[in-house]
Amino acid sequence: MTITISAVILAGGKARRMGGQDKGLQILGKQSLIQHVINRLQPQAHDISINANRNQTEYAKFGFPVFSDELSDFQGPLSGMLTALEKTKSDFILFTPCDTPFFPMNLLDKLKSAVKNDRTLIAYACDDEREHPVFCLMSVQLKEKLRHYLASDERRLLQFMKENGGISVKFTKEEGHFENFNTLDDLDSYSSDDFKEG
């Protein structure tokens, strides 16, 4: 059975640890964080959208559809995921955050294999250190459950996934890594002179 997959970059957070600056638009090396994410996502998925709750005009300049959370007040990644699931015409959505520019180039392939082989509705990434549930492949079939979960004032991403049969898929450091940039100091530690992607 062929499943259709679209991709959504989650850029809808408040970025409190970045002084309220819009994370995805901050510069790493010579490009914005979200441009680095796009560069790694485009070879994997053709149908890409951006979830952003502010600076939507700026995000639209990257050439992809931009949408905001239906729920107000920046309620976390699950809120953006719910809106994406309600809008999509595809069977599954591949989600990535906007602040993690070195994620694996085989992210979709491995998550898709896990979904097919294990007949699950959610597969998410992990590495030797921890789980990375914002990197996930989620079925549109879960939108009703997710809507009810958020309506009950739950916001814990990993708990929702585990309650709904989500499985973790391990990635090695050789495949890519899930280092994210939370502060302006994190960005400053990568100078444009010694920056290289990967």
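Everything below is about the structure shown above.
My aim in this report is to walk through the structure given alongside it, one point at a time. (Residues numbered from 1 in each chain as written. Predicted model: local features only at pLDDT ≥ 70, side-chain atom pairs only at ≥ 80, totals over all residues. Heavy atoms only, no water.)

Topic: the packing of helix H3 (residues 77-87) against helix H5 (residues 143-151)
What counts here: Axis lines are fitted to C-alpha atoms, over the contacting stretch for helices. Their N-to-C directions set the angle, which ranges from 0 to 180 degrees. Segments assigned H or I by DSSP are reported as helices when at least four residues long, segments assigned E as strands when at least two residues long, and all are numbered from the N terminus. Crossings are sorted by hand: turned counterclockwise from the far helix by less than a right angle, the near helix makes the crossing left-handed, and turned clockwise it makes it right-handed. Note on contacts: a residue pair is in contact if any heavy atoms of the two residues lie within 4.5 Å. Each residue gets one label: Ala, Val, Leu, Ile, Met, Phe, Trp, Tyr, Cys and Pro are nonpolar, Asp, Glu, Lys and Arg are charged, and the others, such as Gly, are polar.
Contact pair H3 / H5: the axes reach a minimum separation of 10 Å and the direction vectors enclose 145°. Viewed along their axes, H3 and H5 form a crossing whose handedness is left-handed. Here H3 contributes Leu 78, Ser 79, Met 81, Leu 82, Leu 85 and Glu 86 to the contact with H5, which in turn contributes Lys 143, Leu 146, Arg 147, Tyr 149 and Leu 150. Looking at side-chain class alone, the contact of H3 with H5 contains seven nonpolar, one polar and three charged residues.

Some remarks on helix H4 (residues 107-118)
Quick note on the threshold: Each helix should span, by expectation, one fewer than its residue count multiplied by 1.5 Å.
Along its 12 residues, H4 runs 17 Å from first to last C-alpha, staying within 8% of the 16 Å computed at 1.5 Å per residue. Each element contacted by the buried residues of H4 is listed here: strand E1 (5-10), strand E6 (92-97), strand E7 (122-126), strand E8 (131-139) and strand E9 (167-170). In the segment just after H4, Arg 119 is the residue with positive phi, at about 50°.

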